[in-house]
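# Reading the structure
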Amino acid sequence: MSVEDYMSTREASDRWGMSMPSVLRLCNLGRVPGAGKVGHAWIIPKTASRPMDERITTGRWIGYKRRYRQK
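So, here's what we can say about the structure.

Conventions we followed
Residues numbered from 1 in each chain as written. Predicted model: local features only at pLDDT ≥ 70, side-chain atom pairs only at ≥ 80, totals over all residues. Heavy atoms only, no water. Core = buried A, V, L, I, M, F, W, Y, C linked by side-chain atoms within 4.5 Å. Buried < 20%, exposed > 50% of the residue type's maximum accessible area, 1.4 Å probe, protein only. Helix = DSSP H or I, 4+ residues; strand = E, 2+ residues; numbered from the N terminus. Contact = heavy atoms within 4.5 Å. Pairing = 2+ DSSP bridges. Salt bridge = Lys/Arg side-chain N within 4 Å of Asp/Glu carboxyl O.

For the rest of this paragraph, the subject is the nonpolar core. In terms of nonpolar packing, the biggest core is built from 11 residues, these being Met 7, Ala 12, Trp 16, Met 18, Val 23, Leu 26, Cys 27, Val 32, Trp 42, Ile 44 and Ala 48. When contributions to this core are tallied by element, the ones reaching two or more residues are helix 1 (9–16), helix 2 (20–29) and strand 3 (41–45). Broken down by element, this core gets its largest block of residues, three residues, from helix 2. Not counting the four nearest positions on each side in its chain, Cys 27 is found in contact with Val 32, Ala 35, Trp 42 and Ile 44.

With respect to the helices and strands, the residue Thr 9 is situated in helix 1. Apart from the residues within four sequence positions on either side, Thr 9 is in contact with Met 20, Val 23, Leu 24, Trp 42 and Ile 44.

Further remarks concern the sheet that holds strand 3. The strand order across the open sheet built from three strands is 1-3-2, with neighbouring strands paired in antiparallel fashion. The open sheet is flanked by strand 1 (6–7) and strand 2 (36–38), the only strands paired with a single partner. Looking at chain direction, strand 1 and strand 3 are connected through two bridges and run antiparallel. In the strand pairing of strand 3, Tyr 6 is matched with Pro 45.

What follows concerns the pattern of salt bridges. One pass over the full model with this rule turns up one salt bridge. Put simply, Glu 54 and Arg 31 hold a salt bridge, and the shortest N to O gap is 4.0 Å. Linking Glu 54 in the segment after strand 3 with Arg 31 in the loop between helix 2 and strand 2, this pair joins segments that are 23 residues apart in sequence. Relative accessible area serves as the criterion here: at 60%, Glu 54 is assigned to the exposed category.

Spelled out as structure tokens, the structure:
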């Protein structure tokens, strides 16, 4: 792979419509496949797609203590 096959976090944030800190957070969590760190910068393959949003959208608290749940 050559340098032209990778993009920076700034390019990824523009392409995916996200903020740069969000892209950095996804890279740190290992949610961007093929991303790697070179020095202090992350490089992301140009073929990588935006990771799915895994936030809770059902309104249910996962892992909430059982005794506090309403039945």
